[in-house]
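Overview (structure and organization)
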Amino acid sequence: MIALDGIDAAALGGTMPVLRGVGLALAAGEQVALIGASGAGKTTLLSALALMQAPLAGRLQLDGRDPWALQRRERQRLRATLALAPQQPPLPPRQRVAVAVLAARLPGMSLARSLRTLWSPPDAPLAQAALEQLDLPDKLWLRVDRLSGGERQRVGLARLLVSEARLWLADEPLAALDPTRAERALAALQRNAQERGAALVCSLHQVDLALKHFPRVIALRAGRVVYDGAPTGIDGDLLDELYRSQHDAPPEVAPLPQPVPLPQAMCR
């Protein structure tokens, strides 16, 4: 479905590589967890998979085609088959939850149907069904600015559940949820992705959930893939390597000079 070969990629809007030499392939319907410390490159990898920004080097192929060699309109059509749920979903505060959820279906709608969705969503029952799976049964017509942080995050996940995308990308989808709701939300994502035949990639700080629920785990450290395989291959030594500090000062950095005492007149 999608393959990366020797990809270097920067964070959105950046120019310095965060990912370095990343190579991996995702098949249709596959479910993968991304783990690694903060700053390891998980969000940048999801952005690259979502075609949010062209890689600095290497090759990315979607269904055997290089999206960045296509015309902009054709690349936009490909991008519509991918759905990204960021950790903090950009939900307009005055928008109704129903409209916010169904916005995920706009790429496949005509202009007339899109406008109708903004004012009187015809697919409101679809949004309601998604919200119920995420423990938000009574939020359909509430305004987004009346939601808590965890509720907003689940509205972002509901977008995935109603989308028509073939690849679902979720960036720390459980970060604002308590353990019980986190388990339920993850189960809903995996169940719906499997039923729809969509591939699912989740970045997770909850390593226990990644190892428990995903058949494939990709571990990143300092922008590089250091493990890609079954969760049974991840041991304590690898986890220690993943989560120890990635920001040790390079040896060529000179120590800071000792502070020079200010003249006594300047201290009065």
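Here's a quick rundown of the structure.

A few words on the overall build of the protein. On a plain count of helices and strands, the protein comes out with nine helices and nine strands. Across the 268 residues in the protein, those meeting the buried criterion constitute 44%. Taking the intrachain contacts of the protein between residues at least 6 apart in sequence as the baseline, contacts between residues at least 24 apart amount to 65%.

Any two side chains of opposite charge can pair, on the condition that their charged atoms come close. Applying the stated criterion across every chain yields a total of 13 salt bridges. In this structure, Asp145 engages Arg143 in a salt bridge whose closest nitrogen and oxygen atoms are separated by 2.5 Å. In this structure Arg143 comes out as partly exposed when scored by relative accessible area, which is 22%. One salt bridge in this structure joins Asp145 and Arg146, with 4.0 Å as the shortest N-O distance. Among the charged side chains, a network of salt bridges with common partners joins Glu30, Arg216 and Asp228.

Glancing now at the sheet that holds strand 2 (residues 17-26). If you walk across this open sheet you meet the three strands as 2-1-4, and the pairing is antiparallel. Every other strand in the sheet has two partners, leaving strand 2 and strand 4 (57-62) as the edge strands with one partner each. Going across the sheet, the axis of each strand differs from the next one's by a mean of 20 degrees, ignoring polarity. Where strand 1 (residues 2-10) meets strand 4, five bridges bridge the pair, whose relative direction is antiparallel. Each bridged residue has a counterpart across the sheet, and for Ala3 the counterpart in strand 4 is Gln61. Across the sheet, helix 1 (residues 42-49) lies against strand 1, strand 2 and strand 4, angled at about 55 degrees from strand 2, the strand it touches most.

This part is about the environment of Ala10. With respect to the helices and strands, Ala10 occurs in strand 1. Apart from residues no more than four positions distant in its own chain, Ala10 is found in contact with Thr15, Met16, Pro17, Val18, Thr44, Gln53 and Leu56.

What follows deals with the nonpolar core. With 49 residues, the main nonpolar core has Val101, Leu131, Val155, Trp168, Leu174 and Cys202 as its most contacted residues. Those residues in contact with Trp168 that sit more than four places away from it in its chain are Ala83, Leu160, Leu161, Ser163, Leu189, Asn192, Ala193, Arg196, Ala198, Ala199, Leu200 and Val201. Listed in part, the 27 residues of the second largest apolar core include Leu46, Ala50, Leu169 and Ile218.

Another point: the environment of Pro121. One can find Pro121 in the loop between helix 4 (111-119) and helix 5 (124-133). For the pair Pro121 and Ala98, spaced 23 residues apart in sequence, the C-alpha to C-alpha distance is 7.2 Å.

This part is about a nonpolar patch on the surface. Side chains of Leu12, Met52 and Leu84 sit close together on the surface and give an oily, nonpolar patch of about 260 Å² of accessible area. For Leu12, the location among the structural elements is in the loop between strand 1 and strand 2.

The six strands lie next to each other as 5-6-7-3-8-9, forming an open sheet whose pairing is mixed. What marks the edges here is a single partner per strand, and that holds for strand 5 (82-85) and strand 9 (224-229). Across this sheet, the average inter-strand angle for adjacent strands is 15 degrees, counted without regard to direction.

For the rest of this paragraph, the subject is unusual backbone geometry. Located in the positive-phi region is Leu51, a residue other than glycine, with phi close to 60 degrees. Looking at the secondary structure, you find Leu51 in the loop between helix 1 and strand 4. Look at Leu51 and you get buried, because its relative accessible area is 0%. The backbone of Glu172 shows a phi angle near 50 degrees, a positive value even though the residue is not glycine. Its place among the elements puts Glu172 in the loop between strand 6 (167-171) and helix 7 (179-196).

Calculation rules
Per chain, residues are indexed from 1 in the order of the written sequence. Reporting of local features is limited, given that this is a predicted model, to residues whose pLDDT is at least 70; pairs of side-chain atoms are given and counted only at 80 or more, and all residues count toward the totals for whole chains, interfaces and linings. To get the side-chain values, take all heavy atoms of the structure and skip hydrogens and water. Under the scheme used here, helices are H or I runs from DSSP no shorter than 4 residues and strands are E runs no shorter than 2 residues, and both carry numbers assigned from the N terminus. Residue exposure (1.4 Å probe, protein chains only): buried if accessible area is under 20% of the type maximum, exposed if over 50%, otherwise partly exposed. Whether two residues are in contact is decided by their heavy atoms: any pair within 4.5 Å suffices. By salt bridge we mean one thing: a side-chain nitrogen of Lys or Arg within 4 Å of a carboxyl oxygen of Asp or Glu. At least two DSSP bridges between two strands are needed for those strands to be called paired. Axis definition: a line fitted to C-alpha atoms, over the contacting stretch in the case of helices. Angles run 0 to 180 degrees between N-to-C directions. Nonpolar cores are built from buried Ala, Val, Leu, Ile, Met, Phe, Trp, Tyr and Cys residues. Side-chain atoms within 4.5 Å join them into one set. Here, patches come from residues exposed beyond 30% relative accessible area and free of salt bridges, joined within 9 Å for like charges and within 5 Å for nonpolar side chains (Val, Leu, Ile, Met, Phe, Trp, Tyr). Under the convention used here, a 1.4 Å probe and the Shrake-Rupley method define accessible areas, while residue burial counts only the protein chains that appear.

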